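# Per-entry structural report
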Amino acid sequence: MPPTPVPVPVELQLYRVDLLADTRAFASGLRLLNPEEHAQASRCRTEAEHRRHVLLHARLREIIGRYLDVSPRYLRFELDAAGRRVLAPRMQ
């Protein structure tokens, strides 16, 4: 009989992104995005969709940057074999 797996503690953290953030927060978010993310945002069909894309991607960069102790601007993402965006390895 195989051994019973031991449960591993998991921590779940939820973050709230203010999609109605003021112009200053939106402008700050724009500065964090890389050229590819700017191109994706420019393909949004509505201004609300564009704003949401910028704010969500910028916030994600801020959160990951804080965990890795790296400036959000210096995070790099790439596509994995399935086409999903993943954090690229750090360059030394």
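Read on for a plain summary of the structure. Here the structure is a predicted model, which is why all the values come from computation and not from measurement.

We now examine helix H3 (residues 47–68). When the terminal C-alpha atoms of H3 are compared, their 32 Å separation across 22 residues agrees well with the 32 Å that a helix rising 1.5 Å per residue should span. Looking at H3, one finds that the buried residues are His50, His53, Val54, Leu55, Ala58, Arg61, Ile63, Ile64 and Gly65. For H3, the secondary structure elements touched by its buried residues are helix H1 (23–32), helix H2 (35–42), strand S1 (77–79) and strand S2 (85–87). Just downstream of H3 lies Asp69, where phi reads positive at about 55°.

A pair can form between side chains of opposite charge whenever their charged atoms are brought close. If you walk through the whole model with that rule in mind, you get 4 salt bridges. Across the pair Arg85 and Glu36 runs a salt bridge, and its minimum N-O distance is 2.7 Å. One end of the pair, Arg85, is in strand S2; the other, Glu36, is in helix H2, and 49 residues separate them in sequence. Among the salt bridges present, the one from Glu37 reaches Arg61, with a minimum N-O distance of 2.9 Å. Remark: Arg61 occurs in helix H3 and Glu37 occurs in helix H2; sequence separation between them is 24 residues. Residue class for Glu37 comes out buried when judged on its relative accessible area of 3%. Accessibility expressed as a relative area gives 1% for Arg61, which makes it buried.

What counts, and at which threshold
Residues numbered from 1 in each chain as written. Predicted model: local features only at pLDDT ≥ 70, side-chain atom pairs only at ≥ 80, totals over all residues. Heavy atoms only, no water. Helix = DSSP H or I, 4+ residues; strand = E, 2+ residues; numbered from the N terminus. Expected span 1.5 Å × (residues − 1). Buried < 20%, exposed > 50% of the residue type's maximum accessible area, 1.4 Å probe, protein only. Contact = heavy atoms within 4.5 Å. Salt bridge = Lys/Arg side-chain N within 4 Å of Asp/Glu carboxyl O.

Function cannot be inferred from these measures alone, as they are strictly geometric.
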